Amino acid sequence: MSRAAIRYAKAVLSLAQDKKVAKDVQGDMQSVITTTDDSAELRAVLSSPLIKSDVKLASLREIFKNSGEVTQKLFEVLIENKRVDLLGDVAKQYIVLFDALNNTQVAKVTTAVPLNKALSDVVLAKVKELTGNEATIENVIDESIIGGFILRVGDLQYNASIANKLTTLKRELSN
């Protein structure tokens, strides 16, 4: 993560707090992350020196036409400063700063199959017990873990996957 992306994210968060729209901007930033991660074409357009700034701005305004004033202003500032290629990083850093401000974290849960509501509630309760903070769940599907789950919150990781247990058993048997 570049220091410039962190500075832009702090500035956007500060402005969003002043205008009392920090939660709305958080939703916009989540949308920006999802869209830029899913679209190689958008990333290519934003990073291309051949495409004019006004075309990039018009594209962002059209793609994110439902986003708020603060987010639209961020697009303008990044394009004006020729830093629009940082948009995805700024959005990710905004989410981190927003979550820290609200004492929430992202619990990344890797499972072989999608989590259901009951399991999500159990995971959220466990995260609250371990960290004392609220959390949101990001469920990653990885069939290679066979079963069980891997929970990562901040720098804590708990691996209760079947693949991990098999590896441990194999190690013990070979000794």
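Throughout what follows, the structure given in this document is the object of discussion. In this text, all values refer to a predicted model and were calculated from it rather than measured experimentally. (Residues numbered from 1 in each chain as written. Predicted model: local features only at pLDDT ≥ 70, side-chain atom pairs only at ≥ 80, totals over all residues. Heavy atoms only, no water.)

A few words on the pattern of salt bridges. Side chains bearing opposite charge may pair, as long as their charged atoms lie close to each other. Tallied over the entire structure, the rule returns eight salt bridges. Ionic pairing is found between Arg61 and Glu76, a salt bridge with its closest N-O pair at 2.3 Å. Of the two residues, Arg61 sits in helix α4 (residues 53-63) while Glu76 sits in helix α5 (residues 69-80), which places them 15 residues apart along the sequence. The partner of Lys126 in a salt bridge is Glu129, and the shortest N-O contact between them spans 3.3 Å. (Salt bridge = Lys/Arg side-chain N within 4 Å of Asp/Glu carboxyl O. Helix = DSSP H or I, 4+ residues; strand = E, 2+ residues; numbered from the N terminus.)

Another aspect to go through is the pairing of strand β1 (residues 104-111). Here β1 pairs with strand β2 (residues 134-141) via eight bridges, running parallel. Residue pairing in the sheet places Thr110 in a bridge with Val140 of β2. Handedness of the β1-helix α7 (residues 117-131)-β2 crossover: right-handed. (Pairing = 2+ DSSP bridges. Right-handed = clockwise from strand over helix to strand, strands pointing away.)

For Asn164, the position within the fold is in helix α8 (residues 162-174). In this structure Asn164 comes out as partly exposed when scored by relative accessible area, which is 27%. Separated by 145 residues in sequence, Asn164 and Lys19 place their C-alpha atoms 48 Å apart. (Buried < 20%, exposed > 50% of the residue type's maximum accessible area, 1.4 Å probe, protein only.)

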